[in-house]
Amino acid sequence: MDLKVYCPEKVVTADEALSKIKNGSRIFIGTACGEPQHLIHSMVGSPILQDAVIYQMLSITLSKYVDDPNFSRRFALKLFFISASMRKAAFEGRIDYLPAYLSQIPNMFASRRIGLDVALVQVSPPDRFGYCSLGVSVDITKAGLDAARLKIVQVNPRMPRTWGDCIVHVDDIDYLVPFEEPLVESIPKLKNQEVITRIAYYVNQLVEDGATIQVGFGHLANAILPFLKDKKDLGVHTQVITDSFLPLLQNNVITNKKKTLLDGRVVASLCMGSEELYRYVHDNPQFYFRASDFVSDPVVIARNDNMISISSALEVDLTGQVCSDSMGYLFYSGIGDQVDFLRGSAMSKGGFTIIALPSTAQGGKVSRIVPSLSEGAGVATTRGDVNFVVTEYGIAELKGKSIYQRVMELAQIAHPKFREELIDVAKKRHYIFADQMPPAQDDLIFLEGYKSSVTLRNGKAIDFRPLLPSDEFAYRNFFYSLKEETIFKRFFYKRKLFSHEHAQQQWASVDYHKNMSIIGLVQSGGFQEIVAIGTYADEGDTGRAEVAFVVREDFQGLGVTSLMLPLLESIAKENKFRGFVATVLKGNRAMMRVFLKRYPDAKVDTSSGLDNTIVMDFDQQHTALPTAADNTDD
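Residues numbered from 1 in each chain as written. Predicted model: local features only at pLDDT ≥ 70, side-chain atom pairs only at ≥ 80, totals over all residues. Heavy atoms only, no water.

Enquirer: So what about the overall build of the protein? Which residues, and what values?
Expert: Within the protein one finds 21 helices and 34 strands. Over its C-alpha atoms, taken along the principal directions, the protein stretches across nearly 105 × 50 × 35 Å. Taking all 634 residues of the protein together, 58% fall into the buried category. For the protein, the share of sequence-separated contacts (at least 6 apart) that also reach a separation of at least 24 residues comes to 70%. For the protein, the exposed area adds up to about 26,300 Å²; of that, 51% sits on carbon and sulfur atoms. (Helix = DSSP H or I, 4+ residues; strand = E, 2+ residues; numbered from the N terminus. Buried < 20%, exposed > 50% of the residue type's maximum accessible area, 1.4 Å probe, protein only. Contact = heavy atoms within 4.5 Å. Areas by Shrake-Rupley, 256 points an atom, 1.4 Å probe, with all protein chains shown as cover.)

Dropping the structure here:
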């Protein structure tokens, strides 16, 4: 459509359009990379407009002017989210931060709770029917445009035409300002790659094939995306699309085939990245852009099965409260859509949330896992909303956990040098037992090499990993679930108690070199439960370790012990042990068969009337770990 032919009276210069704005107006400006730069520069450059209030979700271009005292005299700037370029001005009080859930902002405009007199927005050229696209900025921009009394748009041929509910007809626009210029680009700088790699390693373990993912605002969450390249058929329902999504889209990691809402489509509200990204979304029916009151609505989000929300934070306290928008009293970013997606994911069938953050800040001087949020810090996400917290030191699972359990989970993934201090504070606040020992102060990344997964003959998948101090309740519940006969075979007496004190003595501050426990976990509903434990402990001067196993009754006879034994052997060899020793009740023939099958040259002492002692030196020919199909004895 030729605008000069269809509506020549609406086609004007920026100065002509802006001259229609009255002093004291409330002005909405489009978001981030979609903001109309030419209109913004012209508005600020003209001395006519005075005492105006500007509302914007994420501001970039205005950061060039915000330090100018003359700008502050003429404009009051109210932002729903503080970008990195605006942070200094926010700290100095030159920006008025407006905290709000992203999903609720469009209704604030529509209801005139936040009244708007003018909207300055950027659009693509119209098609032959007169429809322009809001392109890379739909979010709250569509609602802001609809609610404003005076609608001024910059028509930019560089703005992509995007698919979805993101069009506006020229008949509904008051003034059209043709002006071509490159869109704002937003390309984050690489930060600590080693920390990112380790965090991403743990996030990767939580994201399953076929999941639908959301990635929040911020560098870290987007830096994790490249590490999902081994996944299959991921879907996307997210607020913002960045360049980090491109390789996953181009390599068919993201196919959206498994989505239960708008399958085959990437659902998003805005796009922030490079020119390459903008060309990729242009006229691409794979993308479905809609406003934030749809995309970030928790009820809509929950319609995606297996929905996983990945977002970041500034601090997490020991009870699970999350701060993501302020550093103490200083406003740092914004509430955004974190809570919307956390709650939507929690309501999703099979869905959950991940908060990812480095364990420290300020070059390692301060911990981001803290006893309490900093004075003045905002609780963006409550302790009841958090499921998984991930740092470069591991995964803490908080959902359904008590304060005691949360303290142990979070202290375990804090930087090693802060763990003891965190436990000491938790004791003073009576969050945990007074005798609680702190987690080991070692970097336990090496334990990741001891994890494995196998499918058993009954079709159940079982995961093996080292036992951790935070497993205390699950460990004790496992033993209490066993029958007396099973406990007797393990301990040689009818043990009745598996107390906190016993757990403290055994595993609270374990040395993972001299002593090791591997647990077998199976999925039960939305969580995992322990069904087997295999343990070795240093026997002393012999160079051997004493080994023992216990398997829940409904998993006996499935080869679980035969799978755990070579796994423990591999770890023991790595820690310079030359063999195992085991004491087995004479009536426990199944256990004897497992040991003798693995170690046919073992020495068996049968002189005791109650039990047999078996000495098993490692045979170097045992290199490959067996599979479930190889094991039929236990």
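Read on for the rest.
Enquirer: Can you explain unusual backbone geometry? Please cite residues and give values.
Expert: Within the chain, N256 stands out as a residue other than glycine whose phi angle is a positive 65°. Within the secondary structure, N256 sits in the loop between helix 10 (246-250) and strand 13 (266-268). Assessed through its relative accessible area of 0%, N256 is described here as buried. Of note, the phi angle at N306 is positive, near 55°, even though the residue is not glycine. With respect to the element layout, N306 can be found in the loop between helix 13 (298-301) and strand 16 (307-312). The exposure class of N306 is partly exposed, given its relative accessible area of 36%.

Enquirer: How would you sum up the sheet that holds strand 30 (residues 527-538)? Please name residues and give values.
Expert: The strand order across the open sheet built from 8 strands is 27-28-29-30-31-32-34-33, with neighbouring strands paired in mixed fashion. Of all the strands in the sheet, the pair left with one neighbour each is strand 27 (452-455) and strand 33 (603-605). Averaged over all neighbouring strand pairs, the angle between strand axes comes to 25°, with direction disregarded. In this structure, strand 28 (residues 461-466) lies alongside strand 29 (residues 515-524), joined through 5 bridges in antiparallel fashion. Bridge pairing in strand 29 places I462 opposite V522. (Pairing = 2+ DSSP bridges. Axes fitted to C-alpha atoms, helices over the stretch in contact; angles between N-to-C directions.)

Enquirer: Can you lay out the sheet that holds strand 7 (residues 150-155) for me, pointing to particular residues and giving the numbers?
Expert: Taken together, 7 strands build an open sheet; the order of strands is 4-3-2-1-5-7-9 and the sheet is parallel. Edge positions in the sheet fall to strand 4 (96-97) and strand 9 (175-178), since each has one partner strand and no second. Here strand 1 (residues 26-29) runs beside strand 5 (residues 118-123); their pairing, made up of 3 bridges, is parallel. Residue pairing in the sheet places I27 in a bridge with V118 of strand 5. Across the sheet, helix 3 (residues 37-45) lies against strand 1, strand 2 (52-58), strand 3 (75-81), strand 5, strand 7 and strand 9, angled at about 120° from strand 7, the strand it touches most.

Enquirer: So what's going on with the packing of aromatic side chains? Which residues, and what values?
Expert: Throughout the structure, instances matching the rule amount to 19 aromatic pairs. A centroid spacing of 5.2 Å and a plane angle of 75° characterise the contact between F352 and F388, whose relative ring orientation is edge-to-face. One end of the pair, F352, is in strand 21 (residues 352-356); the other, F388, is in strand 25 (residues 388-391), and 36 residues separate them in sequence. For F352, a relative accessible area of 15% puts it in the buried group. Ring centres of F580 and F618 lie 4.9 Å apart, and the angle between their planes is 90°; on these two criteria the pair is classed as edge-to-face. Taken as a pair, F580 in strand 32 (residues 579-585) and F618 in the segment after strand 34 (611-617) lie far apart in primary sequence, 38 residues in all. We note that F580, like F618, is buried. Joined through ring pairs, the aromatic side chains of Y536, F577, F580, Y599 and F618 make up one cluster. Above the face of the Y332 ring, R87 is positioned so that its terminal group lies 3.7 Å from the ring centre. The side chain of R198 reaches across the aromatic face of Y393, ending 5.0 Å from its centre. (Phe/Tyr/Trp six-rings, centres within 6.5 Å; stacked < 30°, edge-to-face > 60°. Lys NZ or Arg CZ within 6 Å of the ring centre and 35° of its normal.)

Enquirer: Hey, could you go over the pattern of salt bridges for me, with residue numbers and the actual values?
Expert: In total, this model carries 23 salt bridges according to the counting rule given. Between D146 and K142 there is a salt bridge, with its nearest N and O atoms 3.6 Å apart. Residue D146 and its partner K142 are located together in helix 7 (residues 141-147), separated by 4 residues, close to a single helical turn. The partner of D554 in a salt bridge is R552, with the nearest N and O atoms 2.8 Å apart. The partly exposed category is assigned to D554, whose relative accessible area is 47%. Among the charged side chains, a salt-bridge network with shared partners connects D67, K88, E92 and R94. (Salt bridge = Lys/Arg side-chain N within 4 Å of Asp/Glu carboxyl O.)

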